[in-house]
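# Chain and residue survey
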Amino acid sequence: DAGVTQSPTHLIKTRGQHVTLRCSPISGHKSVSWYQQVLGQGPQFIFQYYEKEERGRGNFPDRFSARQFPNYSSELNVNALLLGDSALYLCASSLYTSRAYEQYFGPGTRLTVT
Amino acid sequence: EDQVTQSPEALRLQEGESSSLNCSYTVSGLRGLFWYRQDPGKGPEFLFTLYSAGEEKEKERLKATLTKKESFLHITAPKPEDSATYLCAVQRRRHSGYSTLTFGKGTMLLVSP
């Protein structure tokens, strides 16, 4: 079975530009979450979507937005890029076990803002 | 606010030298505690979920345990291929469909041959 896929793998943008990152969840998973990971830190929660509805939002500015499509794939959009947005952006899809939502991560998109 | 603290930040072991990584947490209503392995530049790889104090899970040379305040990841007779950053995360019990994780900064493990 295919795992979580993300595109593109790497991206270089200039300050002030806009970027769109894409994610396809594991087949059968209806929830997608986005995380930002800067070097030396753990992933930080940005958004969660479940059945195409936003279920959670982390402490990120309004420049960050996301959506989930009918096929459960998702896009993360970042406007007016800043140098500090340079990071590894991770997408995770969730499966509810009997007691918790296990999250499985994709390989990430490495964003560099110059 | 949920908090996760991992120690040590970095650990260097000789091949075969067993040790433990620590994850201390504060969360209001724990739904689950998760351990992940992350190789440089890659996404985290799921290892274990622990749900309640006293629970233990094992996978090859790794064993995770959970108390009400902390979790340990025990590595028995590690090999160089166990070198990676190990991340701990908690999930709070919230409304249906909400499954966000709060991560620690990770422990970077280096196993030398």
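Please refer to the structure placed before this passage.
What counts, and where the lines are drawn
Residues numbered from 1 in each chain as written. Chains lettered and ligands numbered in written order. Predicted model: local features only at pLDDT ≥ 70, side-chain atom pairs only at ≥ 80, totals over all residues. Heavy atoms only, no water. Helix = DSSP H or I, 4+ residues; strand = E, 2+ residues; numbered from the N terminus. Rg over C-alpha atoms; globule rule 2.2 N^0.38 Å. Buried < 20%, exposed > 50% of the residue type's maximum accessible area, 1.4 Å probe, protein only. Areas by Shrake-Rupley, 256 points an atom, 1.4 Å probe, with all protein chains shown as cover. Lys, Arg positive; Asp, Glu negative; His and termini not counted. Charge placed at Lys NZ, Arg CZ, Asp CG, Glu CD. Contact = heavy atoms within 4.5 Å. Buried area = accessible area lost by both parts, 1.4 Å probe. Salt bridge = Lys/Arg side-chain N within 4 Å of Asp/Glu carboxyl O. Polar contact = N/O pair within 3.5 Å; in protein donor to acceptor, adjacent residues only side chain to side chain. Pairing = 2+ DSSP bridges. Axes fitted to C-alpha atoms, helices over the stretch in contact; angles between N-to-C directions. Disulfide = S-S within 2.5 Å.

## Focus: the overall build of chain B
In terms of helices and strands, chain B carries 0 helices and 11 strands. Mapped in sequence order, the helices and strands of chain B form the string β-β-β-β-β-β-β-β-β-β-β. Its C-alpha radius of gyration of 14 Å places chain B within 12% of the 13 Å reference for a compact globule of 113 residues. Along the three orthogonal principal directions, the C-alpha set of chain B runs to about 45 × 30 × 20 Å. In chain B, which comprises 113 residues, the proportion classed as buried is 51%. Element-wise, carbon and sulfur atoms account for 47% of the exposed surface of chain B, whose accessible area totals about 5500 Å². Positive and negative side-chain charges in chain B, numbering 15 and 14 respectively, have mean positions lying 6 Å apart.

## Quick word on the interface of chain B and chain A
Every contact between the two is made by 24 residues of chain B and, on the other side, 25 residues of chain A. For the pair chain B and chain A, the two sides together bury roughly 2000 Å², of which 52% comes from carbon and sulfur. The interface formed by chain B and chain A holds 0 salt bridges in total. In this structure, the connection of chain B to chain A is made through 6 residue pairs in polar contact (both at pLDDT 80 or more).

## So, the sheet that holds strand β8 (residues 70–75) of chain B
Residue and element names in this part refer to chain B. With antiparallel pairing, the 5 strands of this open sheet are ordered in space as β1-β3-β8-β7-β6. Edge positions in the open sheet fall to β1 (3–7) and β6 (56–59), since each of these has one partner strand only. Each adjacent strand pair in this sheet contributes to an overall mean axis angle of 15°, direction not counted. Bridge count between strand β3 (residues 19–26) and β8: 6 bridges; the pairing is antiparallel. Note that in β8 the partner of Ser20 across the bridge is His74.

## Side note on the pairing of strand β8 (residues 74–78) of chain A
Residues and elements named next belong to chain A. Of all the 5 residues making up β8, 5 are buried; the element is thus mostly covered by neighbouring parts of the structure. The side-chain alternation of β8 yields two buried faces, one formed by Ser74, Leu76 and Val78 and the other by Glu75 and Asn77. As defined by bridge partners, strand β7 (residues 64–68) adjoins β8 across 5 bridges and the pair is classed as antiparallel. Looking at β8, one finds that Arg67 is bridged to Glu75. The antiparallel pairing of β7 with β8 creates a hairpin that spans 5 residues between the two strands, and Tyr72 there sits at a positive phi of about 75°.

## Concerning the state of the cysteines
Applying the stated rule across the entire model yields 2 disulfides over all chains. One disulfide bridge connects Cys23 of chain A with Cys91 of chain A, the sulfur atoms lying 1.8 Å from each other. Because the torsion about its S-S bond is -65°, the bridge between Cys23 of chain A and Cys91 of chain A counts as left-handed. A residue pair is termed long-range when its members are at least 10 positions apart, and Cys23 of chain A in strand β3 (residues 19–24) and Cys91 of chain A in strand β9 (residues 87–96) qualify at 68 residues. The two residues Cys23 of chain A and Cys91 of chain A agree in class, both being buried. Between Cys23 of chain B and Cys88 of chain B runs a disulfide, and the two sulfur atoms are separated by 2.0 Å. Measuring handedness by torsion sign, the sulfur bridge of Cys23 of chain B and Cys88 of chain B sits at about -65° and is left-handed. Remark: Cys88 of chain B occurs in strand β9 (residues 84–92) and Cys23 of chain B occurs in strand β3; sequence separation between them is 65 residues. Like Cys88 of chain B, Cys23 of chain B is buried.

## Section: the sheet that holds β7 of chain A
Residues and elements named next belong to chain A. Judged by pairing direction, the sheet is antiparallel, and its 4 strands sit side by side in the order β1-β3-β8-β7 without closing on themselves. Where the open sheet ends on each side, the last strands, each with one partner, are β1 (5–7) and β7. Strand-to-strand, the axes of this sheet are offset by a mean angle of 15°, without reference to chain direction.

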